[in-house]
Amino acid sequence: MAYSRTATPAGSSATVAPTSAWTQLIVRLHFYIGLFVGPFIFVAALTGTLFVITPQLENMIYAQALRTDSTGTPRPLSAQVQAAMDALDSQTTPYAVRPARGD
């Protein structure tokens, strides 16, 4: 809504309609809320994006540790588990085994 100007005597200021004052208040509140909340939304969006691309980054960074060339004859899974248990100390036992894909 636009300003409502009325004829006023010299030296006095123009009056502003009450709805215009409410509009200015809401616009100013909207500005300050956006100014203070906007950075939090930006950080949340940035960290969410990083969270989404984490698997691809891990595959690039840890490619040497995640993949290897197999050498020798294939061993049965039970022999591999026993070798892992022999390599661990007596207090530690594996709780899960995830076999490789059959590519």
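All values derive from a computational prediction rather than experimental measurement.

J.: Tell me about the overall build of the protein chain, and please be specific about residues and values.
T.: Of the regular secondary structure elements, the protein chain holds three helices and zero strands. Going from N to C terminus, the protein chain has its helices and strands arranged as α-α-α. Counting every position in the protein chain, which comprises 103 residues, the buried fraction comes to 2%. Element-wise, carbon and sulfur atoms account for 65% of the exposed surface of the protein chain, whose accessible area totals about 9,800 Å².

J.: Could you give me a rundown of a nonpolar patch on the surface, with the residues and numbers involved?
T.: A surface patch of nonpolar side chains, amounting to about 1,100 Å² of accessible area, comprises Phe 42, Val 43, Leu 46, Leu 50, Val 52, Ile 53, Leu 57, Met 60, Ile 61, Tyr 62 and Leu 66. A per-element tally of the nonpolar patch places helix α1 (residues 18-61) first, with nine residues. Among the structural elements, Met 60 can be located in helix α1. According to the relative accessible area criterion, Met 60 is exposed, its value standing at 62%.

J.: How would you summarise the environment of Thr 54 if you had to cite specific residues and measurements?
T.: By the secondary structure assignment, Thr 54 is in helix α1. Residue class for Thr 54 comes out partly exposed when judged on its relative accessible area of 30%.

J.: Explain the packing of aromatic side chains to me, and be specific about the residues and the numbers.
T.: One pass over the full model with this rule turns up one aromatic pair. For the ring pair Phe 31 and Tyr 32, a centre distance of 5.2 Å and an interplane angle of 70° mean the geometry is edge-to-face. Look at Phe 31 and you get partly exposed, because its relative accessible area is 48%.

J.: Before we move on, could you go through the environment of Asn 59 and cite the residues and values that matter?
T.: As for its placement among the helices and strands, Asn 59 is situated in helix α1. Residue Asn 59 is classed as partly exposed on the basis of its relative accessible area, which comes to 37%. Excluding its chain neighbours within four sequence positions, the residues that come into contact with Asn 59 are Leu 66 and Arg 67.

Definitions and cut-offs
- Residues numbered from 1 in each chain as written.
- Predicted model: local features only at pLDDT ≥ 70, side-chain atom pairs only at ≥ 80, totals over all residues.
- Heavy atoms only, no water.
- Helix = DSSP H or I, 4+ residues; strand = E, 2+ residues; numbered from the N terminus.
- Buried < 20%, exposed > 50% of the residue type's maximum accessible area, 1.4 Å probe, protein only.
- Areas by Shrake-Rupley, 256 points an atom, 1.4 Å probe, with all protein chains shown as cover.
- Patch = residues over 30% accessible without salt bridge, like charges linked within 9 Å, V, L, I, M, F, W, Y side chains within 5 Å.
- Salt bridge = Lys/Arg side-chain N within 4 Å of Asp/Glu carboxyl O.
- Phe/Tyr/Trp six-rings, centres within 6.5 Å; stacked < 30°, edge-to-face > 60°.
- Contact = heavy atoms within 4.5 Å.

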